[in-house]
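Residue-level structure breakdown
Spelled out, the chains give:
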Amino acid sequence: MVVAVMLVLIVVGSIVFHFVSPWWFSPLASNWGYIDDTTVLTFWITSLVFSAVLLFVAYCLFRFRHKPGRKAAYEPENKRLEGWLTALTAGGVIAMLTPGLFVWAQFVEVPEEATDVEVIGQQWLWSFRLPGADGKLGAADNRLVNFENTLGVSPDDPNGQDDVLIEGGELIIPVDRPVRFLLRSIDVLHDFYVPEFRAKMDMIPGSVTYFWVTPTQTGTYEILCAELCGVGHSYMRGVVTVVTDEEYQEWLTSQVTFAGLSS
Ligand SMILES: [Cu+2]
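Residues numbered from 1 in each chain as written. Predicted model: local features only at pLDDT ≥ 70, side-chain atom pairs only at ≥ 80, totals over all residues. Heavy atoms only, no water.

1. Overview of the coordination of the copper ion
Threshold: Any nitrogen, oxygen or sulfur atom within 2.8 Å of a metal ion counts as a donor, with the limit raised to 3.2 Å for Na, K and Ca, and since water is left out, coordination shells can look unfinished. A site with four donors is called tetrahedral when every donor-metal-donor angle falls between 85 and 135 degrees; four donors are called square planar, and six octahedral, when opposite donors sit more than 155 degrees apart and all other angles fall between 65 and 115; any other arrangement is irregular. Exposed residues in this analysis have more than 50% of their type's maximum accessible area, buried residues have under 20%, and partly exposed residues fall in between, with area computed by a 1.4 Å probe over protein chains only.
Of the protein atoms, only His-190 (ND1), Cys-225 (SG), Cys-229 (SG) and Met-236 (SD) coordinate the copper ion, at distances of 2.0 to 2.5 Å. Every donor counted, the four donor atoms about the copper ion form angles of 92 to 124° at the centre, which fits tetrahedral coordination. Taken in sequence order, the residues that donate to the copper ion follow the motif H-x34-C-x3-C-x6-M. Across this residue pair, the class does not change: Cys-229 and Met-236 are buried.

2. Quick notes on the packing of aromatic side chains
The condition that has to hold: Only the six-membered ring of Trp is used, alongside the rings of Phe and Tyr, when aromatic pairs are assigned; centres must lie within 6.5 Å, and planes under 30 degrees apart are stacked while those over 60 apart are edge-to-face, with the rest tilted. Strands here are runs of E lasting at least two residues and helices are runs of H or I lasting at least four, both read from the DSSP assignment and numbered beginning at the N terminus. Whether a charge sits over a ring comes down to the Lys NZ or Arg CZ being within 6 Å of the ring centre and within 35 degrees of the ring normal.
Taken as a whole and judged by the stated rule, the model has 13 aromatic pairs. Consider the rings of Trp-126 and Phe-192, whose centres lie 5.5 Å apart with planes at 70°: the pair is edge-to-face. With Trp-126 in strand S2 (residues 125–130) and Phe-192 in strand S6 (residues 190–194), this pair connects stretches of sequence that are 66 residues apart. The exposure classification of Trp-126 matches that of Phe-192, with both residues buried. Three or more aromatic residues joined by ring pairs form one cluster here, namely Trp-32, Trp-104, Phe-107, Trp-126, Phe-181, Phe-192, Phe-211 and Trp-212. Here the guanidinium or amino end of Arg-180 rests over the ring plane of Tyr-210, the centre of that ring lying 5.8 Å away. Positioned above the aromatic ring of Tyr-193, the side-chain terminus of Lys-200 is 4.5 Å from the ring centre.

3. Notes on the nonpolar core
The criterion, for reference: Buried Ala, Val, Leu, Ile, Met, Phe, Trp, Tyr and Cys residues form a nonpolar core when they are joined through side-chain atoms within 4.5 Å. The contact criterion used is simple: two residues touch if any of their non-hydrogen atoms lie within 4.5 Å.
Counting residues in each nonpolar core, the largest one holds 37 residues, and the members touching the most others are Trp-126, Leu-130, Phe-181, Phe-192 and Phe-197. With residues near it in sequence (within four places) discarded, Phe-197 still touches Ala-29, Ser-30, Trp-32, Ile-173, Phe-181, Val-213, Pro-215, Tyr-221, Val-240 and Val-242.

4. Concerning the confidence of the model for the protein chain
Heads up, the condition is: Confidence of the predictor in every single residue is expressed as pLDDT, which spans 0 to 100.
Of the residues in the protein chain, 99% have a pLDDT of 70 or more, and the chain-wide mean is 88. When mean pLDDT is taken per element in the protein chain, S6 scores highest with 94 and helix H5 (residues 258–262) scores lowest with 71.

5. Description of the pairing of strand S7 (residues 199–203)
Here is the rule we go by: Two strands qualify as a pair provided that DSSP identifies no fewer than 2 bridges between them.
By the bridge criterion, five bridges tie S6 to S7 in an arrangement that is antiparallel. If you follow Asp-191 over to S7, its bridge partner there is Asp-202. The hairpin formed by S6 and S7 contains four residues between the paired strands, and Arg-198 there has a positive phi angle of roughly 60°.

6. Overview of the pattern of salt bridges
A pair can form between side chains of opposite charge whenever their charged atoms are brought close. Worth spelling out the cut-off: We define a salt bridge as a contact between a side-chain nitrogen of Lys or Arg and a carboxyl oxygen of Asp or Glu at a distance within 4 Å.
All chains considered together, the criterion is met by seven salt bridges. Arg-184 serves as the salt-bridge partner of Glu-118, at 3.2 Å between the closest nitrogen and oxygen. A residue pair is termed long-range when its members are at least 10 positions apart, and Glu-118 in strand S1 (residues 115–122) and Arg-184 in strand S5 (residues 179–185) qualify at 66 residues. Taking the relative accessible area as the measure of exposure, Glu-118 reaches 5% and is therefore buried.

7. Quick word on unusual backbone geometry
Cis geometry marks the peptide bond from Gln-123 to Trp-124; its omega dihedral reads -5°. Relative to the helices and strands, Trp-124 is located in the loop between S1 and S2. Within the chain, Asp-176 stands out as a residue other than glycine whose phi angle is a positive 60°. Its location among the elements puts Asp-176 in the loop between strand S4 (170–174) and S5. The exposed category is assigned to Asp-176, whose relative accessible area is 54%. One non-glycine residue with positive phi stands out, namely Arg-198, at about 60°. In this fold, Arg-198 is placed in the loop between S6 and S7. Here Arg-198 falls in the buried class, since its relative accessible area comes to 12%.

8. Here's the deal with the sheet that holds S4
Adjacent strands of a sheet pair through backbone hydrogen bonds, lying either parallel or antiparallel. Short version of the rule: For helices, the axis comes from a line fit to the C-alpha atoms of the stretch in contact; other axes are also lines fit to C-alpha atoms, and the angle between any two N-to-C directions lies between 0 and 180 degrees.
The five strands are arranged S4-S10-S9-S6-S7 in an open sheet whose pairing can be described as mixed. Taken across any chain shown, the strands that pair with only one partner, and hence form the sheet edges, are S4 and S7. Neighbour-to-neighbour, the strand axes of the sheet open up by a mean angle of 25°, direction not taken into account. Of the strand pairs in this sheet, S4 and strand S10 (residues 237–243) are connected by five bridges, and their pairing is parallel. Its bridge partner being in S10, Ile-172 is matched across the sheet by Thr-241. Packed onto the sheet, helix H4 (residues 245–253) meets S4 and S10 and runs at close to 135° relative to S4.

Encoded structure:
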């Protein structure tokens, strides 16, 4: 009986906690509201199942509690019940996975007009490279990394000469424009994550991963590393500021280019 009451309290407590909890999504600042929708749907389905299972166990504990002389009925097989439970479970899993597949299809399809911005992760700071006036990023290779060329930008690629390099500083991007983040790591695994954008991706040394996002709100957001990358992992934070297009153009032209740095 005590256990049955405890189970009911756990269900009630979990629901109350869900609604009064201060730990909820940070305000959305990108086009990825769909990701919130799929998360909320998963919450609904898993909490319904969680509550149903616990309340059922509590009911059974109460209904079939010990009484002198009462004997348990042995029923190892029940085809009908098994059929029902299999169908319900399959339905729940499909309901959780299907919306995710639709969102994923959009997530991997980068809009043609997206601007490339390179993000470079290293123990334990964030660096960025933005295309200059030509709108194109030059080639880069981790094998070119040295003390003068810390991000490994190819000095021979003409497209890279006007690239803007920001080492360990603040990333500025324009609002309402799709951005494709090209993600590189020059040492170990990292993961570029801006909670307000609701998107993240692992960065793998030797390859270039990517995701795209359209920031929809101006403001300053924190960049986190979401992949354990050594003792400084929790300090690996950066800042991205989303500004209006005019502010962005003004800021971009005031930056030093790769050619300017190497001359
Ligand atoms: Cu990291």
